[in-house]
Amino acid sequence: MTIFWILSALITTLAGLLVLAGARRGADEGEGVASLTAAAELAELDRLKTRGLLDEAGWTAARAEAGRRILAAERETIPVRAGRNDRFLVLAGVGAAAAATLGLYAVAGTPGLPDQAFERRVDAWMTDLDRLEAPQIAAVAARVVRERPEDHQALTMLGSARFEAGDPIGAASAFRRALALQPDDARSWARLGESLVRANGGKIDGDAEAAFAQALRRDPGQLGARYFLGEAAMARGDRVTVRAMWTPLIAMLDPSDPRRIDLERRLTTMETGA
């Protein structure tokens, strides 16, 4: 705990220094912008005249107009100036924020609570599985997999939990390990494909399509695999495969199911070319 407070103090001090340095740098850089822009504009007018693109009258008029704009901008711009005591006010603000944070922690937190190692938390989660969220279930499943690396069910549970927890890459890894144990598990092939699609930002690449094909080869009733294979075929304009994948899928869905209605609409649009 002592180390925590020391690190907190150091981070707070560093934050104050960064705020001061950033504010000072911003003021210094902001002061020269107008003058640099003015110099560039006047230099450009001189270059145009030298190259013969502006005659004497045009150059004189343009330079006069530029000068008026520059003078007007200088009158309107109020340069940023740091006061003598501003740095102390900034540091006082940072200190007040740190003090308020510590006060809130003292009231709402539990400063005297000893550190809880992650493994100890997993021990507690294993006794109350019904109320766990997906990341916690994934941690429990990972513990079981470490203890029983050949447990196919634990691996599929780990893959599902990681998928729900937003870790599609970890989910794909777990499903690959499960398939190494049971290559004929159609459900795991389908979940592997879904994990790869999510990891790829929704795009169905070759690996995901191959996984869905493996799932469908082992179980034609894998509706998710049929859907994604149809999506991949539609993306490359393969109408025959889209019909082959989605027609049985549509037949399995209830006529009032919004998914069926959407698939029928998309098939009709594809057929008519609308």
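In the block above lies the structure referred to throughout.
Residues numbered from 1 in each chain as written. Predicted model: local features only at pLDDT ≥ 70, side-chain atom pairs only at ≥ 80, totals over all residues. Heavy atoms only, no water.

## Examining the overall build of the protein
Here is step 1 of the chain: Across its full length, the protein holds 13 helices and 0 strands.
Here is step 2 of the chain: Listing every helix and strand of the protein by position from the N terminus yields α-α-α-α-α-α-α-α-α-α-α-α-α.
Here is step 3 of the chain: In the protein, once contacts between residues fewer than 6 apart in sequence are set aside, the share between residues at least 24 apart is 42%.
Here is step 4 of the chain: Counting only carbon and sulfur atoms, one obtains 60% of the accessible surface of the protein, whose full area is about 17,700 Å². (Helix = DSSP H or I, 4+ residues; strand = E, 2+ residues; numbered from the N terminus. Contact = heavy atoms within 4.5 Å. Areas by Shrake-Rupley, 256 points an atom, 1.4 Å probe, with all protein chains shown as cover.)

## Section: the pattern of salt bridges
Here is step 1 of the chain: Scanning the entire structure with this criterion turns up 9 salt bridges.
Here is step 2 of the chain: Among the ionic pairs, Arg259 bridges to Asp257, the shortest N-O distance being 2.8 Å.
Here is step 3 of the chain: With a shortest N-O distance of 3.1 Å, Arg260 and Glu264 are connected by a salt bridge. Here Arg260 and its partner Glu264 are both found in helix 13 (residues 258–272), 4 residues apart, which amounts to about one turn of the helix.
Here is step 4 of the chain: Judged by its relative accessible area of 18%, Arg260 falls in the buried class. (Salt bridge = Lys/Arg side-chain N within 4 Å of Asp/Glu carboxyl O. Buried < 20%, exposed > 50% of the residue type's maximum accessible area, 1.4 Å probe, protein only.)

## Quick word on the packing of helix 9 (residues 186–199) against helix 10 (residues 206–218)
Here is step 1 of the chain: Between helix 9 and helix 10, whose axes approach to 8 Å, the crossing angle comes to 160°. Relative to helix 10, helix 9 is oriented roughly antiparallel. Read as a crossing pair, helix 9 and helix 10 show a hand that is left-handed. Note on element contacts: helix 10 touches helix 9 through Asp207, Ala208, Ala211, Phe212, Gln214, Ala215 and Arg218, opposite Ala186, Trp189, Ala190, Leu192, Gly193, Glu194, Leu196 and Val197.
Here is step 2 of the chain: Grouping the amino acids of the contact of helix 9 with helix 10 by side-chain chemistry returns 10 nonpolar, 2 polar and 3 charged. (Axes fitted to C-alpha atoms, helices over the stretch in contact; angles between N-to-C directions. Parallel < 35°, antiparallel > 145°, perpendicular 65-115°, else oblique. Left-handed = near helix turned anticlockwise from the far one by under 90°. Nonpolar A, V, L, I, M, F, W, Y, C, P; charged D, E, K, R; others polar.)

## Thoughts on the nonpolar core
Here is step 1 of the chain: With 30 residues, the main nonpolar core has Leu192, Ile204, Phe212 and Trp246 as its most contacted residues.
Here is step 2 of the chain: Contributing elements (two or more residues each) for this core: helix 8 (168–181), helix 9, helix 10, helix 11 (223–235), helix 12 (239–252) and helix 13.
Here is step 3 of the chain: Sequence-distant contacts of Trp246, that is, excluding residues within four places in its chain, are made with Arg226, Tyr227, Gly230, Glu231, Met234, Leu263, Arg266 and Leu267. (Core = buried A, V, L, I, M, F, W, Y, C linked by side-chain atoms within 4.5 Å.)

## Some words on helix 7 (residues 152–164)
Here is step 1 of the chain: In this model helix 7 runs 19 Å from its N-terminal to its C-terminal C-alpha over 13 residues, within 8% of the 18 Å that 1.5 Å per residue would give.
Here is step 2 of the chain: Among the residues making up helix 7, those that are buried are His152, Ala154, Leu155, Thr156, Leu158, Gly159, Ala161 and Phe163.
Here is step 3 of the chain: Packing partners of the buried residues in helix 7 comprise helix 6 (134–147), helix 8 and helix 9.
Here is step 4 of the chain: Residue Gly166 follows helix 7 closely and has a positive phi angle near 85°. (Expected span 1.5 Å × (residues − 1).)

## Points about the side chain of Arg191
Here is step 1 of the chain: Take Arg191: it is sitting in helix 9.
Here is step 2 of the chain: Leave out the neighbours within four places in its chain, and Arg191 touches Ser160, Phe163, Glu164 and Phe175.

## Notes on helix 11
Here is step 1 of the chain: With 13 residues, helix 11 extends 19 Å between its outermost C-alpha atoms, agreeing within 8% with the 18 Å of an ideal straight helix rising 1.5 Å per residue.
Here is step 2 of the chain: Taken together, the buried positions of helix 11 are Ala225, Arg226, Phe228, Leu229, Gly230, Glu231, Ala232 and Ala233.
Here is step 3 of the chain: Lining the buried residues of helix 11 we find helix 9, helix 10, helix 12 and helix 13.
Here is step 4 of the chain: Looking at the residues trailing helix 11, positive phi occurs at Gly237, about 80°.

## Focus: the packing of aromatic side chains
Here is step 1 of the chain: Counted under the stated rule, the structure contains 3 aromatic pairs.
Here is step 2 of the chain: An angle of 5° between the planes, with centres 4.8 Å apart, marks the rings of Phe212 and Phe228 as stacked. With Phe212 in helix 10 and Phe228 in helix 11, this pair connects stretches of sequence that are 16 residues apart.
Here is step 3 of the chain: Measuring from ring centre to ring centre gives 6.0 Å for Tyr227 and Trp246, while their planes differ by 10°; the resulting arrangement is stacked. Highlighted residues: Tyr227 in helix 11 and Trp246 in helix 12, separated in sequence by 19 residues.
Here is step 4 of the chain: Cation over ring: Arg198 sits above Phe163, and NZ or CZ is 3.9 Å from the ring centre. (Phe/Tyr/Trp six-rings, centres within 6.5 Å; stacked < 30°, edge-to-face > 60°. Lys NZ or Arg CZ within 6 Å of the ring centre and 35° of its normal.)

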